[in-house]
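Examination of the molecular architecture
Each chain, written out:
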Amino acid sequence: MKNSLSILTVPAFDDNYLWIIHNGQHAAVVDPGDAKPILQALQEHGLTLSAILLTHHHADHIGGVASLLEHYQVPVFGPSKDKIALVTQKLQQDEILTVPQLDLELRVLDVPGHTLGHIAYYAPLQHWLFCGDTLFAGGCGRLFEGSPAQMLTSLDQLAGLPDDTAVYCAHEYTMSNLRFAKEVEPGNQALLARIQKEKTKRDLGIPTVPSNIALEKQTNPFLRCRESSIIARLLESGKISAGGDDISHFAALREWKNHF
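Description of the structure in this document. None of the values given here were measured: they were computed from a predicted structure. (Residues numbered from 1 in each chain as written. Predicted model: local features only at pLDDT ≥ 70, side-chain atom pairs only at ≥ 80, totals over all residues. Heavy atoms only, no water.)

The next thing to look at is the overall build of the chain. Of regular secondary structure, the chain possesses 9 helices and 14 strands. For 260 residues, the compact-globule estimate of 2.2 N^0.38 gives 18 Å, and the C-alpha radius of gyration of the chain, at 18 Å, lies within 12% of that figure. Reported as C-alpha extents along the three principal axes, the dimensions of the chain are approximately 55 × 40 × 30 Å. Among the 260 residues that make up the chain, the fraction classed as buried is 53%. Contacts spanning at least 24 positions in sequence make up 58% of the contacts within the chain whose residues lie at least 6 apart. Surface accessibility of the chain: about 11300 Å² in total, with carbon and sulfur atoms responsible for 50%. The average position of the 21 basic charges and that of the 29 acidic charges among the side chains of the chain differ by 5 Å. (Helix = DSSP H or I, 4+ residues; strand = E, 2+ residues; numbered from the N terminus. Rg over C-alpha atoms; globule rule 2.2 N^0.38 Å. Buried < 20%, exposed > 50% of the residue type's maximum accessible area, 1.4 Å probe, protein only. Contact = heavy atoms within 4.5 Å. Areas by Shrake-Rupley, 256 points an atom, 1.4 Å probe, with all protein chains shown as cover. Lys, Arg positive; Asp, Glu negative; His and termini not counted. Charge placed at Lys NZ, Arg CZ, Asp CG, Glu CD.)

In this structure, Glu198 sits in helix H6 (residues 189–203). The contact partners of Glu198, leaving out residues within four places of it in the chain, are Thr174, Met175, Leu178, Thr208 and Leu215.

A few words on the pattern of salt bridges. One pass over the structure, following the stated rule, counts 12 salt bridges. Here Glu198 makes a salt bridge to Arg194, at a shortest N to O gap of 3.2 Å. With Glu198 and Arg194 both in helix H6 and 4 residues apart, the pair spans about one turn of that helix. Given the relative accessible area of 3%, Glu198 is considered buried. Note on Arg194: relative accessible area 3%, which makes it buried. (Salt bridge = Lys/Arg side-chain N within 4 Å of Asp/Glu carboxyl O.)

For the rest of this paragraph, the subject is the pairing of strand E9 (residues 119–123). Where burial is concerned, most of E9 is hidden: 5 out of the 5 residues are buried. With 4 bridges connecting them, strand E8 (residues 105–110) and E9 associate as antiparallel partners. Within E9, the position partnered with Asp110 by the bridge is Ile119. In this sheet, strand E10 (residues 128–132) lies alongside E9 in antiparallel orientation, the contact comprising 3 bridges. (Pairing = 2+ DSSP bridges.)

By size, the foremost hydrophobic cluster in this structure holds 56 residues, and its most contacted members are Trp128 and Leu129. When near neighbours in sequence (up to four residues on either side) are disregarded, Trp128 contacts Leu5, Ile7, Ile21, Leu104, Tyr121, Tyr122, Ala123, Thr165, Ala166 and Tyr168. (Core = buried A, V, L, I, M, F, W, Y, C linked by side-chain atoms within 4.5 Å.)

Okay, the sheet that holds strand E6 (residues 89–91) next. Strand order in the open sheet formed by 6 strands is E1-E2-E3-E4-E5-E6, and the pairing between neighbours is mixed. Of all the strands in the sheet, the pair left with one neighbour each is strand E1 (6–12) and E6. When strand polarity is set aside, the average angle formed by the axes of neighbouring strands in this sheet is 25°. Pairing between strand E4 (residues 48–53) and strand E5 (residues 76–79): 2 bridges, direction parallel. Bridge pairing links Leu53 to Phe77 in E5. (Axes fitted to C-alpha atoms, helices over the stretch in contact; angles between N-to-C directions.)

Turning our eyes to something else, we now look at the packing of helix H4 (residues 148–159) against helix H9 (residues 246–258). Two elements in contact, H4 and H9, have axes separated by 9 Å at closest approach and are oriented at 95°. Classified by the angle between their axes, H4 and H9 sit roughly perpendicular to one another. For the pair H4 and H9, contact is made by Pro148, Ala149, Met151, Leu152 and Leu155 and by Asp246, Ile247, Phe250 and Ala251, respectively. For the contact of H4 with H9, the residue count by class is 8 nonpolar, no polar and 1 charged. (Parallel < 35°, antiparallel > 145°, perpendicular 65-115°, else oblique. Nonpolar A, V, L, I, M, F, W, Y, C, P; charged D, E, K, R; others polar.)

Here you go:
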């Protein structure tokens, strides 16, 4: 069917996922860090590119844009606060984007932390979230530019989306993230079950992405930094002192993961 929307998973580099949203004829690509696999996928599926959607300025997310524009003259949507030269339409919180040639509306979410201008795209009707490097399956992005307070606010915003929202993040970091999650919350039964399920997928070469918001709230320590079990573990391991707030707990968790 030409009018129903589907998502293609396009692996790139060592562990990136590039996403193609299409209706069987026209397509939009999210974070094309490499043009070659995108061009190949478009050709294989008989698709014509109609838009490029960017979440932030890192090279593994925008590196293929110039090459794609040599083949397709299409609009490039991206964050207003991340300076990306090839962006033709700058977006910010709560703007509604109608993707050209696709029956798809996306709501823009400002999610600073990984970078200061990072945005995410949420499809309210389909319950799809394209969140770049802000929220990962079982984890979150490193704080290259933003503060712990910014990232926690960003993650809280994403955690507030409907539980059945599919989380299309940009990397296959899941097993590494879940190993850390188990270190932080070893008694979490939902987490232990998830580790087994995701390991089976990886053993078969199947992506662990997308996950969903409900699963992340049950198993992702960065969405669970207010849980008493995690705070107790941070205290026990000497990562925090008594009397801290949510932001200090989150910051300690992120720092622990950086060196895990």
